[in-house]
Amino acid sequence: MKFPLKWLAALTALAAAGVWLPSASGQLRIQSGALSRSSGILHPRELEKQIFYLTNDARRRNGVAALTYDNSLTLKAREKSDDMLKNNYFSHTSPTGKTFKDRLQEEKPASFRTIYRAGENIYMGSRFDYNVDIKTQARLIVDGWMTSPGHRKNMLEPGFTHMGVGVSTRDKECYATQIFTGMAPRPQ
């Protein structure tokens with residue numbers, strides 16, 4: 001009965017974080033988010049790409065403009081997924097109390113545009129199987145988010161213009177993070 005409770009807890013905890021941020025601009029000084037090889041944590045880039053593609057496909061099917069890939073947001077998303085995997089938690093708030101908004105405000109986004117809104121989706125799975133097609137794995141993650149009202153709202157938010165996806169895996173554990181940002185229009 002241990003597995004069903006863990007799964008239920010994970011599904012229950014899948015809450016999307018939508019955060020209004022004050023204007024911020026500047027350069028982002030991000031570390032790679034990758035942990036040492038000895039940690040056993042991997043970042044399957046093909047899975048990240050498929051999640052990005054499927055998210056934009058869902059937006060297109062719902063009449064919303066595609067998101068632009070942002071490498072700095074991907075690094076931040078990997079950092080979040082790494083932290084959850086390494087420290088064995090599943091929450092938008094870290095065990096040290098750091099929130100999504102705190103993490104974004106630590107370093108300014110690497111863009112000349114101004115962020116005026118941001119959101120985060122997180123996923124945890126404990127039966128990740130590398131023998132299953134990567135597209136199938138990505139579809140399971142994205143479909144799970146699309147059936148959750150808060151996650152779906154983030155994925156289809158027209159005000160979001162950029163996204164980064166970070167996936168961290170170890171053995172059969174898989175954590176995925178999407179970070180969305182909306183950029184204020186540039187003055188004419």
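Right above here is the structure, for reference.
Residues numbered from 1 in each chain as written. Predicted model: local features only at pLDDT ≥ 70, side-chain atom pairs only at ≥ 80, totals over all residues. Heavy atoms only, no water.

Draft legend 1. View of the overall build of the protein. The helix and strand tally for the protein stands at 6 helices and 5 strands. Starting at the N terminus, the α and β elements of the protein follow one another as α-β-α-β-α-α-β-α-α-β-β. Looking at the protein as a whole, 48% of its 188 residues are labelled buried. For the protein, restricting intrachain contacts to residue pairs at least 6 apart in sequence, the fraction spanning at least 24 positions comes to 78%. Within the structure as shown, the protein displays about 9900 Å² of accessible surface, and the carbon and sulfur contribution to it stands at 54%. (Helix = DSSP H or I, 4+ residues; strand = E, 2+ residues; numbered from the N terminus. Buried < 20%, exposed > 50% of the residue type's maximum accessible area, 1.4 Å probe, protein only. Contact = heavy atoms within 4.5 Å. Areas by Shrake-Rupley, 256 points an atom, 1.4 Å probe, with all protein chains shown as cover.)

Draft legend 2. Focus on the pattern of salt bridges. The tally for this structure, following the rule as stated, stands at 7 salt bridges. Between R60 and D57 there is a salt bridge, and its shortest N-O distance comes to 2.4 Å. Of this pair, R60 and D57 are both found in helix α2 (residues 45–61), 3 residues apart, which corresponds to roughly one turn of the helix. For R60, a relative accessible area of 55% translates into the label exposed. Between E157 and R117 there is a salt bridge, and its shortest N-O distance comes to 3.7 Å. Of this pair, E157 sits in the loop between α6 (149–156) and β4 (162–170) while R117 sits in strand β3 (residues 111–125); the two residues are 40 residues apart in sequence, bridging distant segments of the chain. Take E157: its relative accessible area is 15%, and that puts it in the buried class. (Salt bridge = Lys/Arg side-chain N within 4 Å of Asp/Glu carboxyl O.)

Draft legend 3. How the structure looks around unusual backbone geometry. One non-glycine residue, N88, lies in the positive phi region at around 55°. Considering the arrangement of structural elements, one finds N88 in the loop between α3 (71–87) and α4 (100–106). Phi is positive for D171, which is not a glycine, with a value near 55°. The exposure class assigned to D171 is exposed, which follows from its relative accessible area of 64%.

Draft legend 4. Up close: the packing of aromatic side chains. Per the counting criterion, the structure on display carries 2 aromatic pairs. Here the aromatic rings of F52 and Y69 are separated by 5.7 Å at their centres, their planes lie at 85°, and the arrangement is edge-to-face. Of this pair, F52 sits in helix α2 while Y69 sits in strand β2 (residues 68–69), and the two are 17 residues apart along the sequence. Note on Y69: relative accessible area 44%, which makes it partly exposed. (Phe/Tyr/Trp six-rings, centres within 6.5 Å; stacked < 30°, edge-to-face > 60°.)

Draft legend 5. How the structure looks around the environment of R152. Here R152 shows up in helix α6. Of the residues examined, R152 reaches a relative accessible area of 33% and is grouped as partly exposed. Taking the C-alpha atoms as reference, R152 lies 9.2 Å from V142; in sequence the two are 10 residues apart. If we ignore the near neighbours within four places in the chain, the residues touching R152 are N62, W145 and M146.

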